[in-house]
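# Fold and contact review
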Amino acid sequence: MIKEQKYKLNSYNDLFGVSDCDEQPVKISLNELHDFKDHPYRVVDDEEMQELVNSIREQGILVPVIARPMKHGGYEVIAGHRRKYAAGLAGLERIPVVVRELSDSDAIDTMISTNIQRTNILPSEKAFAYRMQWEANSHRGKKGANTARMIAEQASYSTRQVQRFIRLSYLDRELLNFVDSGRMSIQAGHEISFLDEQAQSWVLDVAMATGKVPTGKMAENIRREYEEKKLTPEKLRIIMMGENRKPNRKITLKSKRINEYFPSDYSAGQIEEIVYSLLDRWRSEQNG
């Protein structure tokens with residue numbers, strides 16, 4: 001039973017769509033609020049965080065944090081990790097919290113749905129959030145494809161886009177940072193995510209040594225070589241450096257020069273046959 005002071009928030013009904021008798025936020029000490037395990041959304045000290053801190057100092061927390069009771073005391077934050085962190089920076093000791101009894105899967109669904117409309121969510125955050133939701137629903141017995149469609153509807157993505165985001169969670173953390181920073185495309189990251197840990201380390205080594213990251217087309221070639229069990233560090237370097245491209249050789253034989261070697265009554269077909277025959281003999285001699 002919660003023995004904390006009630007905290008009235010006028011805009012709460014509009015924000016959460018519940019009546020006064022359904023839920024009311026209570027003020028809970030920051031020391032009793034603990035982060036959700038493997039929380040996928042980053043909490044960083046950036047410009048947006050400082051703006052949030054300033055807003056909390058001036059107006060307080062307008063949207064309550066959502067948390068659930070923990071077995072051994074305290075509360076696990078489901079939604080509002082950034083608000084909780086900013087409140088600490090703003091000097092608050094207690095903040096308004098809506099406490100709900102939630103299962104693990106329901107807690108994950110709540111966490112994703114309350115963050116899904118945020119702007120500037122990184123690809124890595126979406127990757128781990130959607131994978132977490134996908135796995136939680138799999139434990140409920142729901143098929144993965146159905147879960148992907150559900151997430152897609154909530155996030156206004158296609159099912160394929162959601163599946164691509166989920167695949168990014170299998171990408172090496174440093175390579176995933178390239179995707180977050182925009183250096184590597186989501187498409188390229190998706191392809192590289194199918195490589196095992198060792199092969200991904202080869203990609204990272206080349207990227208760190210040369211400053212080059214795979215394009216979407218390069219990543220497709222890398223994945224194909226990997227799945228055909230032909231990928232080596234050297235072949236990977238060649239693909240990423242673009243050295244596998246064959247030179248564009250366009251050869252034109254001038255008829256005036258060619259006529260010096262053949263009688264005038266030889267047809268073009270006869271000349272071509274002789275030229276190729278001579279080239280075959282030259283190649284044989286070169287190969288010894």
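Residues numbered from 1 in each chain as written. Predicted model: local features only at pLDDT ≥ 70, side-chain atom pairs only at ≥ 80, totals over all residues. Heavy atoms only, no water.

## Quick look at the overall build of the protein
This is how the line gets drawn: The secondary structure listing takes helices from DSSP runs of H or I that are at least 4 residues long and strands from runs of E that are at least 2 residues long, numbered from the N terminus. Three labels apply to residues, based on accessible area from a 1.4 Å probe with only protein chains included: buried if under 20% of the type maximum, exposed if over 50%, partly exposed otherwise in between. We call two residues in contact whenever any of their non-hydrogen atoms come within 4.5 Å of each other. Calculation of accessible area relied on Shrake-Rupley with a 1.4 Å probe; when residues are assessed, cover is drawn exclusively from the protein chains displayed.
Along its length, the protein carries 14 helices and 5 strands. Taking all 288 residues of the protein together, the buried fraction comes to 38%. Partitioning the contacts of the protein with sequence separation of at least 6, the portion at a separation of at least 24 is 68%. On the protein, roughly 18,200 Å² of surface is accessible, and the fraction owed to carbon and sulfur atoms is 47%.

## Some words on a nonpolar patch on the surface
Defined as follows: Residues enter patches when their relative accessible area tops 30% and they take part in no salt bridge; the joining distance is 9 Å for like charges and 5 Å for the nonpolar side chains Val, Leu, Ile, Met, Phe, Trp and Tyr. Salt bridge criterion: a side-chain nitrogen from Lys or Arg within 4 Å of a carboxyl oxygen from Asp or Glu.
Among the surface-exposed residues, Val 43, Tyr 85 and Leu 89 lie close enough to one another that they form a single nonpolar patch of about 220 Å² accessible area. Considering the arrangement of structural elements, one finds Leu 89 in helix H3 (residues 81–89).

## Let's talk about the pattern of salt bridges
The tally for this structure, following the rule as stated, stands at 12 salt bridges. A salt bridge links Asp 180 to Arg 42; the shortest N-O distance between them is 3.0 Å. On the criterion of sequence distance, the pair formed by Asp 180 in helix H8 (residues 173–181) and Arg 42 in the loop between strand S2 (33–34) and helix H2 (47–59) is long-range, its members being 138 residues apart. Each of Arg 42, Arg 173 and Asp 180 takes part in a single network of salt bridges with overlapping partners.

## Let's talk about the sheet that holds S2
Put simply, the rule is: Strands pair, by our definition, only if DSSP identifies at least two bridges between them. Between the N-to-C directions of two axes lies an angle of 0 to 180 degrees, each axis being a line fitted to C-alpha atoms and, for a helix, fitted only over the stretch in contact.
Strand order in this open sheet of 5 strands is S1-S5-S3-S4-S2, and the pairing throughout is mixed. Single-partner strands in this sheet number two, and they are strand S1 (26–29) and S2. Judged from the 2 bridges that link them, S2 and strand S4 (residues 75–79) form a sheet pairing that is parallel. Bridging across to S4, His 34 finds its partner in Glu 76. Sheet contacts for H3: S2, strand S3 (65–69), S4 and strand S5 (94–99); angle to S4, the most-contacted strand, approximately 115°.

## Section: the packing of aromatic side chains
Selection criterion: Two rings from Phe, Tyr or Trp (for Trp, the six-membered ring) form a pair when their centres sit within 6.5 Å of each other. Planes less than 30 degrees apart are called stacked, planes more than 60 degrees apart edge-to-face, and all others tilted. Note on criteria: charge over ring means Lys NZ or Arg CZ within 6 Å of the ring centre, with the direction from the centre no more than 35 degrees off the ring normal.
Counted according to the given criterion, the structure contains 3 aromatic pairs. Taking 6.2 Å as the distance between ring centres and 40° as the angle between the ring planes, the aromatic pair formed by Phe 262 and Tyr 266 counts as tilted. Put simply, the rings of Tyr 130, Tyr 157 and Phe 165 pair up and form one aromatic cluster. A cation over a ring is seen here: Arg 167 above Phe 194, with NZ or CZ 4.1 Å from the ring centre.

## Observations regarding helix H11 (residues 216–227)
Stated precisely, the cut-off is as follows: One less than the residue count of a helix, multiplied by 1.5 Å, gives the span that helix is expected to have.
Between its terminal C-alpha atoms H11 stretches 17 Å, which fits the 16 Å expected from 12 residues at 1.5 Å a residue. Listing the buried residues of H11 in full gives Gly 216, Met 218, Ala 219, Asn 221, Ile 222, Arg 223 and Glu 225. Of the surrounding secondary structure, the elements contacted by the buried residues of H11 are helix H9 (186–192) and helix H12 (233–241). Backbone geometry just downstream of H11 places Lys 229 in the positive-phi region, at approximately 60°.

## Quick notes on a negative patch on the surface
Our working rule: Positive charge is attributed to Lys and Arg, negative charge to Asp and Glu, and no charge count is given to His or to the chain ends. To locate a charge, take atom NZ for lysine, CZ for arginine, CG for aspartate or CD for glutamate.
Negative charge collects at one region of the surface, where Asp 45, Asp 46, Glu 47, Glu 48 and Glu 51 lie side by side. Inspection of the secondary structure puts Glu 51 in helix H2.

## Some details on the environment of Ala 86
By the secondary structure assignment, Ala 86 is in helix H3. Between the C-alpha atoms of Ala 86 and Ile 61, which are 25 residues apart in sequence, the distance is 9.5 Å. Ignoring sequence-local partners within four residues, the contact set of Ala 86 consists of Met 49, Leu 52, Val 53 and Ile 56.

## Concerning the nonpolar core
For the record, the criterion: Within this scheme, the nonpolar core is defined by two criteria: the residues are buried Ala, Val, Leu, Ile, Met, Phe, Trp, Tyr or Cys, and they are joined through side-chain atoms within 4.5 Å.
Membership of the largest hydrophobic core comes to 47 residues, with the highest contact counts inside it found for Tyr 130, Leu 171, Leu 175, Met 184, Ile 222 and Leu 236. Of all the elements, helix H10 (residues 197–210) adds the most residues to this core, at 6 residues. Not counting residues up to four positions away in its chain, the partners in contact with Ile 222 are Ile 192, Leu 195, Pro 214, Leu 231, Leu 236, Ile 239 and Met 240. Counting 18 residues, the second largest nonpolar core, distinct from the first, contains Ile 28, Leu 52, Val 53 and Ile 61.

## What to know about the packing of H8 against H10
Two measures define how a pair of helices packs: the angle their axes make with one another and the distance between the axes. Inclusion rule: In what follows, roughly perpendicular refers to angles from 65 to 115 degrees, roughly parallel to angles under 35, roughly antiparallel to angles over 145, and oblique to any angle outside these ranges. The residue classification treats Ala, Val, Leu, Ile, Met, Phe, Trp, Tyr, Cys and Pro as nonpolar and Asp, Glu, Lys and Arg as charged. All others, Gly included, are polar.
It is the contact of H8 with H10, at a shortest axis distance of 9 Å, that shows an interaxial angle of 55°. When the axis of H8 is compared with that of H10, the two are oblique. Only Gln 200, Val 203, Leu 204, Ala 207 and Met 208 of H10 make contact with H8, whose side of the interface consists of Glu 174, Leu 175 and Phe 178. Considered class by class, the residues forming the contact of H8 with H10 number 6 nonpolar, 1 polar and 1 charged.

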